[in-house]
Amino acid sequence: MSLPPRAVIVHRATELTELVARHGTRQQAGFFLAGRGRDLAELDARHQAQQDALATVSAAIPLDWRRAVAERNDLDRFGFGPEDVVIAVGQDGLVANVAKYLDGQPVIGINPEPARNPGVLVPHEPDAIADLLITRTFAERTMVAASTDDGQQLLALNEVYVGHRTHQSARYRLSSPDGFPERQSSSGILVGTGTGSTGWCRSAWQERRSPLGLPSPTDPMLCWFVREAWPSPATGTTNTEGLLKAPDSLTITAESDLVVFGDGIESDTLTATWGQRVEVSVAAVKLHLVI
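Structure report, in brief. (Residues numbered from 1 in each chain as written. Predicted model: local features only at pLDDT ≥ 70, side-chain atom pairs only at ≥ 80, totals over all residues. Heavy atoms only, no water.)

## Topic: the overall build of the protein chain
Short version of the rule: Labels follow the DSSP assignment, with helices taken as runs of H or I lasting at least four residues and strands as runs of E lasting at least two, numbered in each case from the N terminus. To get the radius of gyration, use the C-alpha atoms; to get the globule rule, take the number of residues to the power 0.38 and multiply by 2.2 Å. The cut-offs for exposure are 20% and 50% of the maximum accessible area for each residue type, with area from a 1.4 Å probe on protein chains only; residues under the lower value are buried, those over the upper are exposed, and the others partly exposed. Contacts are assigned to residue pairs that have any heavy atoms within 4.5 Å of one another. Accessibility throughout is a Shrake-Rupley quantity obtained with a 1.4 Å probe, and a residue counts as covered only by protein chains that appear here. Counted as positive: Lys and Arg. Counted as negative: Asp and Glu, with His and the chain ends omitted from the count. Think of each charge as sitting on NZ of Lys, CZ of Arg, CG of Asp or CD of Glu.
A tally of regular secondary structure across the protein chain gives six helices and 16 strands. Its C-alpha atoms give the protein chain a radius of gyration of 21 Å, within 12% of the compact-globule value 19 Å for 291 residues. Its C-alpha atoms give the protein chain principal-axis dimensions of roughly 60 × 55 × 35 Å. Counting over 291 residues, the protein chain shows a buried share of 48%. Relative to all contacts within the protein chain whose residues are 6 or more apart in sequence, the contacts with residues 24 or more apart total 68%. Counting only carbon and sulfur atoms, one obtains 51% of the accessible surface of the protein chain, whose full area is about 14,000 Å². Taken as two groups, the 26 positive and 35 negative side-chain charges of the protein chain have centres that lie 3 Å from each other.

Written as structure tokens, this is what we have:
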């Protein structure tokens, strides 16, 4: 007998929750905010909006379904199952945070603050959840995969970063399908999807006035940029951007200690020491976003 579906509600701590945890009491948090020209009422309203959205979502889950709740900081320790339906309640980035831990499970993005969040990955209002749990239409979003030659693997929806842990100069040899191998020293490499091309990768693309055509969220293609490559007698700056189509990969051979993390979660990383290879490519797994 198959298990009933499990609704997994994913959220992150609100700014109010984090401030109270840091300062001990609401009064101290309010005093801290007042000293910086902010009002505790604003954070109260945003906190309540999320609580209302979470309550609406929870009440709409069918009684015969199983249910679970996961906070953003616990995602790397949460065990997702094949029967799960993931409901991300929060900002667009929350969908990216959870996507790296999934393997085809559907994700429903709920936007508790439409006036603040663009809603690219969380397009639905809380009241829509009951219908979405029954009738779902999917959009497949391309993801990026990184792996090391000792078996470590990582997925991301927006981008992966390969570089020094503190974003200082990283030394490595880079090989791309459309360029020659080049030894480089830089503040890291970004490899992003079409979804991520609206964020960190777009910043790099725009700052350098790159002629590359950025991929769309569904294109089986990645864009990559080397950040602040340093020219020296031993390091070059020629091969610093490009596109990756499946099944091609970008190969980074470490000549200093490197880390790899996805979607800004620096607490969940791969590591590569001198001589190890990191391969970055289009992931075989796609995000199934409910639209």
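Right, picking up where we left off after that structure.
## A short note on the nonpolar core
For clarity, the cut-off: Take the buried Ala, Val, Leu, Ile, Met, Phe, Trp, Tyr and Cys residues and link them wherever side-chain atoms come within 4.5 Å; each set so joined is a nonpolar core.
Within the largest apolar cluster, 25 residues are counted, with the highest numbers of intra-cluster contacts made by Ile189, Val191, Ile252 and Val280. When sequence neighbours within four positions are dropped, the list of residues in contact with Ile252 reads Val162, Tyr172, Arg173, Ile189, Leu258, Gln276, Arg277, Val278 and Val280. In terms of nonpolar packing, the next biggest core, distinct from the first, is built from 24 residues, Ala88, Val98, Leu102 and Met143 among them.

## Focus on the packing of aromatic side chains
The cut-off we apply is this: Pairing of aromatic rings covers Phe, Tyr and Trp, the last counted by its six-membered ring, and requires centre-to-centre distances within 6.5 Å; plane angles under 30 degrees mean stacked, over 60 mean edge-to-face, and any other angle means tilted.
Scanning all chains against the criterion turns up three aromatic pairs. An angle of 10 degrees between the planes, with centres 5.9 Å apart, marks the rings of Tyr161 and Trp200 as stacked. In this pair, Tyr161 sits in strand E7 (residues 159-163) while Trp200 sits in helix H6 (residues 200-207), placing the two residues 39 residues apart along the sequence. We classify Trp200 as partly exposed; its relative accessible area is 28%. Through pairs of rings, three or more aromatic residues link up here, namely Tyr161, Trp200 and Phe261.

## As for the packing of helix H1 (residues 15-23) against helix H2 (residues 26-34)
Put simply, the rule is: To obtain each axis, a line is fitted to C-alpha atoms, and for helices this fit is confined to the stretch in contact; angles are then taken between N-to-C directions over 0 to 180 degrees. Here is the rule for angles: anything less than 35 degrees is roughly parallel, anything more than 145 is roughly antiparallel, 65 through 115 is roughly perpendicular, and the remaining ranges are oblique. Each residue is assigned to one class: nonpolar for Ala, Val, Leu, Ile, Met, Phe, Trp, Tyr, Cys and Pro, charged for Asp, Glu, Lys and Arg, and polar for all the others, Gly among them.
Two elements in contact, H1 and H2, have axes whose closest approach is 8 Å; the angle formed by their N-to-C orientations is 105 degrees. If you check the angle between H1 and H2, you find them roughly perpendicular. Across from Leu16, Leu19, Val20 and His23 in H1, the residues of H2 making contact are Arg26, Gln28, Ala29, Phe32 and Leu33. A per-class count over the contact of H1 with H2 returns six nonpolar, two polar and one charged.

## A few points about the pattern of salt bridges
Which entries qualify depends on this criterion: The rule for a salt bridge is simple: a side-chain nitrogen of Lys or Arg has to be within 4 Å of a carboxyl oxygen of Asp or Glu.
Counted under the stated rule, the structure contains 14 salt bridges. In this structure, Glu18 and Arg12 form a salt bridge, with 3.9 Å as the shortest nitrogen-oxygen distance. What makes Glu18 partly exposed here is its relative accessible area of 33%. With a shortest N-O distance of 3.5 Å, Arg77 and Asp76 are connected by a salt bridge. Residue classification places Arg77 among the exposed residues on the basis of a relative accessible area of 59%. Within the structure, one salt-bridge network assembled from shared partners comprises Glu15, Arg38, Glu42, Arg46 and Glu113.

## Focus on H2
Heads up, the rule is: Summarising the geometry, the arc corresponds to the directions from the helix axis toward the C-beta atoms.
All of the buried residues in H2 are Ala29, Gly30 and Leu33. Buried residues of H2, viewed axially, fall in a sector of 100 degrees; they line one side. What points out from H2, more than 90 degrees from its buried face, is the exposed set Gln27, Phe31 and Ala34. Packed against the buried residues of H2 are H1 and helix H3 (40-60).

## Considerations on the side chain of Gln50
In plain terms, the rule: Think of a polar contact as two N or O atoms within 3.5 Å of one another; within protein, one of them needs to be a possible hydrogen donor and the other a possible acceptor, and neighboring residues in sequence only count if both atoms come from side chains.
On the secondary structure map, Gln50 appears in helix H3. Its relative accessible area of 9% is what places Gln50 among the buried residues. A polar side-chain atom of Gln50 sits 3.0 Å from the main-chain carbonyl oxygen of Arg12. For Gln50, the contacting residues outside a window of four places in its chain are His11, Arg12, Thr14, Val89 and Pro112.

## Let's talk about the sheet that holds strand E11 (residues 221-226)
Here is the rule we go by: For two strands to count as paired, DSSP must find a minimum of two bridges between them.
The strand order across the open sheet built from six strands is E12-E11-E10-E7-E14-E15, with neighbouring strands paired in antiparallel fashion. For this open sheet the edge positions go to strand E12 (241-245) and strand E15 (269-272), each flanked by a neighbour on one side alone. Here the strands of the sheet are splayed against their neighbours by 20 degrees on average, with no regard to which way each runs. Two strands pair when backbone bridges link them, and strand E14 (residues 258-262) and E15 are joined in this way by four bridges, in the antiparallel orientation. Paired with Val259 across the two strands is Thr271, which belongs to E15.

## What about unusual backbone geometry?
Generally, phi is negative for residues other than glycine and the peptide bonds are trans, each holding for most cases. With an omega of 10 degrees, the peptide bond running from Ala246 to Pro247 counts as cis. With a phi angle near 65 degrees, His167 is a residue other than glycine that sits in the positive phi range. Mapping His167 onto the fold places it in the loop between E7 and strand E8 (170-175). The phi angle at Glu228 is positive, at roughly 50 degrees, despite the residue not being glycine. Counting through the fold element by element, Glu228 comes out in the loop between E11 and E12. With a relative accessible area of 62%, Glu228 lands in the exposed category.

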